[in-house]
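# Chain and residue survey
The primary structure of each chain is shown beneath.
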Amino acid sequence: MNAKSSGVWIIALGMVLGADVAAAAEASTPDGAALLGANDNEWMLPAKNYEGNPYTGLTQIAPNNVASLGLAWSTALADEGQQEAAALSWKGTLFVATSHNGVVALDAASGKLKWQFPYDPSYIISFSVNRGVGIADGKVFMVTLDCRVIALNAETGKQVWNVAGCSDPSNSFYSMAAYVYKGAVIVGHAGGDYGTEGSVTAFSTKDGKQLWDWSTIKRDTWPGTSWHHGGAAVWSGLSIDPKDSTLFVAPGNPGPDMVLKGREGPDLYSNSLVALDINGIKPKVKWHYQLVKNDTHDADAAMVPVLFTAKVAGKMQDLVAIGDKAGDFVVLDRKTGKPLHKLAVSDQTGFFTTVPTVEGTRACPNHGGGIEWLGGGYDPASNLFFVPSTEECGIWKLDPDPPVYVAGQAYKGGALPKRGKGTGMLTAIDMDTGAVRWRQPLPFPAQGGALITASGLVFTSDLGGSLYAFNTTTGKQLWHADTGSAVVAPITTYVTGGQQYLNVVVGQAGNQQTANLSTPQASRVLAYRLGATQGVVNSSEGQVARATSKNAAAGELAESVGDAPYTAEQVTAGGAVYAQHCAVCHGAQLQGVAAPAMAGPAFARTKPTLAQLHTVVTKNMPLTAPGTLPAADYAAIMAYMLSYDCVKPSGEGKTPFPAGDIGALKPITFGAKVCPPGGGKE
């Protein structure tokens, strides 16, 4: 063989090997055709299918044997927090997003770690959650709390590309799952309570290039210039009708939250369901339906829209269902948007007849209910739709002064109400008549959605950590398991090795914490199967809790500049109060768990003023009872945090932090360096 022919042979071999590598990579995740097809052995999309209906044709787990479901394995997650992601499955591998935008790949049969992609957002505006990854064409896609869109190699977990996402990162963040459809990652951003402008954006799966962007703000429906910081963010999820490429999105509450003055009107497309034609270069609105107009109670249309075909008034129709945090459940004609059924599944006392005031008004549901983001699903065998919801009331109070927009700060009329002792409800609704067939009360808020099986089971969960199985037609409870941790993520199912597994990710209650919850156990991925009696317990060995983000802005490692009055006695007292009321969300080292960090680079990046920090502490903490601690306790917490953030005490440490109005204290520039009181021996 001469040199020339040898070179040609090497090039040809390289091309063959390259094709094999590419084929192997694509085989590690489904391609576009597989995502469009029906495969009950896998869970390939956040809500199983593009229609958003968590229904499976699997029948191995059935009413006559579900009582024998046992824990097959559990895997601890190093990235602790509020876990809301669906575990996607493909050919024996589970892909799980964690609360701070990490990703783990696990063996579907054993839970053993295959690889991990650790992440640590460079900043966190609100609570730390991620609702899942997307998988396609050899890649795993994730969107992050610091507005990045990332693609990973599905076999190795190595980063393939990483691009900027949100157009306004000062007020926006990604918390929803990454939805992959026909070569695009489609995602909406959160931030409706921060004065953002809601939108849905598509990025190329090949290189992350932006393909299109659609704003949720229809400016001519907002009074004056109130649309400038109108919210209407799309944060929960979406669904797609693949037959005609119609995208269904549900923009949330308008801004400023809780305050109507200045924005009276439709404020479209807030609190709405919108059908978008995405066949062209840019999306076009086909129709919309607004669930709540002139919203003053944070009534996001939170539920992932569910597309299904059911019998209504004796006739089969293509439908879409949506629910909101006011407890409204609506079923509409999918082509026209005409409402066919509407009913309340939660107590709505005072919700539509009162507005928040400085003195406070009572209204139900509270801001954590009634129908949260996972909503429910439809069962074709029984023609029933199953909706988990929350029963809880709150006292809605406004601050004396109207809200002022500040980039990166909450834009609302006051702190959201104190959380009560919430309970849950699972409601089965007959699609033929719109009437309730049966209801099952649950001891804690029901926010984990529903999983329906062709064998006649509906699975759901509650925030207290319980999993349940009910007979679809009668509502009789057939199985119960206590996970020990809060359940906010969906229940999924898949088959590997001939066995059907039930899967759920559990962790902290985070921003859904209610007053009646006990302290949850650590975050874990759990898998159940029939006949399992002694589950394999996998530790978090091999995982990194939080990796240092490469997206952090430069120059954030400086110490804080400035001083403030506080005493050593206040610091000691504040440490105890913080540990009791704040650490569960903000972390023992103020590093942020479910809630944002209050120290370190991520905290410094938000550039808060001392007055803003004081407002957050006194108006919004603790989560279950904001503003209810004694003034001296709030002053002590401020002292503890200032000390932790390396702010020097003024007046030789003899002047206490004010227990009340802080007046005109000197400005402080917070840095990234931390100074744990006692040298970190808290």
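Not measured: the values here are computed from a predicted model.

## Topic: the state of the cysteines
- For the structure on display, the rule yields three disulfides.
- In this model C147 forms its disulfide with C166; the gap between the sulfur atoms is 2.1 Å. The sign of the -90° torsion about the S-S bond sets the C147-C166 disulfide as left-handed. Here C166 lies in the loop between β10 (159–164) and β11 (179–181) and C147 lies in the loop between β8 (139–143) and β9 (148–153), a separation of 19 residues in the sequence. C166 shares its class with C147; the two are buried.
- The disulfide that involves C364 links it to C393, with 2.0 Å between the sulfurs.

## Details of the packing of helix α6 (residues 610–620) against helix α7 (residues 631–644)
- At a closest axis distance of 10 Å, the pairing of α6 and α7 adopts a crossing angle of 130°. Put simply, α6 runs oblique to α7. In the crossing of α6 with α7, the sense of the turn from one axis to the other is right-handed. Facing L610, L613, H614, V617 and T618 of α6, the residues of α7 in contact are Y634, I637, M638, M641 and L642.
- For the contact of α6 with α7, a count of residues per class yields eight nonpolar, two polar and no charged.

## A closer look at the pattern of salt bridges
- Applying the stated criterion to the full structure yields 17 salt bridges.
- Close ionic contact of R131 with E84 constitutes a salt bridge, the shortest N to O distance being 2.9 Å. Residue R131 is located in the loop between β6 (113–117) and β7 (134–136), and its partner E84 is located in the loop between β2 (69–76) and β3 (88–90); the two are separated by 47 residues in the primary sequence.
- Of the charged contacts, one joins D244 and K286 as a salt bridge, the two residues approaching to 3.5 Å between their closest N and O atoms. Of this pair, D244 sits in the loop between β15 (239–241) and β16 (246–249) while K286 sits in strand β18 (residues 284–290); the two residues are 42 residues apart in sequence, bridging distant segments of the chain.
- Exposure remark for D244: the relative accessible area of 22% places this residue in the partly exposed category.

## Let's talk about the pairing of strand β17 (residues 272–277)
- Of all six residues in β17, five are buried; the element is thus mostly enclosed.
- Summarising the sheet, β17 and β18 pair through six bridges and their orientation is antiparallel. Paired with L273 across the bridge in β18 is Y289.

## Some points on the side chain of S270
- Tracing the sequence through the fold places S270 in the loop between β16 and β17.
- Judged by its relative accessible area of 2%, S270 falls in the buried class.
- There is a polar contact of 2.7 Å between the side chain of S270 and the backbone oxygen of D267.
- Setting aside anything within four residues of it in sequence, one finds S270 in contact with A232, P251, G252, N253, P254 and Q290.

## Regarding the nonpolar core
- Membership of the largest hydrophobic core comes to 93 residues, with the highest contact counts inside it found for I186, L247, F459 and W479.
- When neighbours within four sequence positions are excluded, F459 is seen to be in contact with I61, V66, L69, G449, A450, L451, T453, Y468, A469, W479, I491 and L502.
- Residues A250, V292, V331 and L343 belong to the second largest nonpolar core, which totals 34 residues.

## Brief notes about the sheet that holds strand β27 (residues 423–430)
- Here we have four strands laid out as an open sheet, ordered β24-β25-β27-β28, and antiparallel in their pairing. Whereas interior strands pair on both sides, the edge strands pair on one side only; in this sheet they are β24 (377–379) and β28 (436–442). Taken over all neighbouring pairs, the strand axes of this sheet differ in orientation by 25° on average, direction set aside.
- Pairing analysis gives eight bridges linking strand β25 (residues 384–391) to β27, with the strands arranged antiparallel. Among the inter-strand pairings, F386 is bridged to a residue of β27, identified as A428.

## Here we look at empty space enclosed by the protein
- Across all of its chains, the model carries three cavities of 30 Å³ or more by this definition.
- Taken as a whole, the largest cavity spans an internal volume of roughly 170 Å³.
- As for the largest cavity, its lining consists of 21 residues, of which P46, A47, P54, L374 and P490 are closest to the centre.
- Across the lining of the largest cavity, the residue classes break down as 14 nonpolar, five polar and two charged.

## Brief notes about the sheet that holds β11
- The strand order across the open sheet built from four strands is β11-β12-β13-β14, with neighbouring strands paired in antiparallel fashion. The open sheet has two edge strands with one neighbour each: β11 and β14 (210–215). With strand direction ignored, the average angle separating the axes of adjacent strands in the sheet is 20°.
- Relative to strand β13 (residues 199–204), strand β12 (residues 184–188) is paired through five bridges, and the arrangement is antiparallel. Bridging from a neighbouring strand, V187 pairs with T201 of β13.

## A look at helix α3 (residues 568–581)
- The end-to-end C-alpha distance of α3 is 20 Å, a good match for the 20 Å that 14 residues give at a rise of 1.5 Å each.
- Where α3 is buried, its residues touch α4 (583–586) and α7.

## With respect to the confidence of the model for the chain
- Here the chain averages 92 in pLDDT, and 94% of its residues register 70 or above.
- For residues 3–23, every residue scores under 50 in pLDDT, and the model assigns this stretch one contact once sequence neighbours within four places are set aside.
- Counted against residues more than four places away or in other chains, residues 552–556, with its pLDDT under 50, gives five contacts.

## Remarks on unusual backbone geometry
- Following C364, the chain continues into P365 via a peptide bond in cis, with omega recorded as 0°.
- Structurally, the position occupied by P365 is in the loop between β23 (361–363) and β24.
- Although it is not a glycine, K91 adopts a positive phi angle of roughly 50°.
- Checked against the element boundaries, K91 lands in the loop between β3 and β4 (93–97).

## Observations regarding the pairing of β16
- Taking every second residue as pointing to the same face, both faces of β16 are buried, with T246 and F248 on one and L247 and V249 on the other.
- Inspection of the sheet shows β15 paired to β16 by three bridges, in the antiparallel sense. Counterpart to I240 in the pairing with β16 is L247.
- Following β15, the chain reverses through four residues before pairing antiparallel with β16; S245 in that reversal takes a positive phi of roughly 50°.
- The pairing of β16 with β17 spans four bridges and is antiparallel. Bridging from a neighbouring strand, V249 pairs with V274 of β17.

What counts and how
Residues numbered from 1 in each chain as written. Predicted model: local features only at pLDDT ≥ 70, side-chain atom pairs only at ≥ 80, totals over all residues. Heavy atoms only, no water. Disulfide = S-S within 2.5 Å. Helix = DSSP H or I, 4+ residues; strand = E, 2+ residues; numbered from the N terminus. Buried < 20%, exposed > 50% of the residue type's maximum accessible area, 1.4 Å probe, protein only. Axes fitted to C-alpha atoms, helices over the stretch in contact; angles between N-to-C directions. Parallel < 35°, antiparallel > 145°, perpendicular 65-115°, else oblique. Left-handed = near helix turned anticlockwise from the far one by under 90°. Contact = heavy atoms within 4.5 Å. Nonpolar A, V, L, I, M, F, W, Y, C, P; charged D, E, K, R; others polar. Salt bridge = Lys/Arg side-chain N within 4 Å of Asp/Glu carboxyl O. Pairing = 2+ DSSP bridges. Polar contact = N/O pair within 3.5 Å; in protein donor to acceptor, adjacent residues only side chain to side chain. Core = buried A, V, L, I, M, F, W, Y, C linked by side-chain atoms within 4.5 Å. 1 Å grid on protein atoms, 1.4 Å probe; cavity = no way out; pocket = protein on both sides within 12 Å on 5 of 7 lines; lining within 4 Å. Points joined across faces, edges and corners; volume = space filled by probe spheres on them. Expected span 1.5 Å × (residues − 1). pLDDT = per-residue confidence, 0-100.

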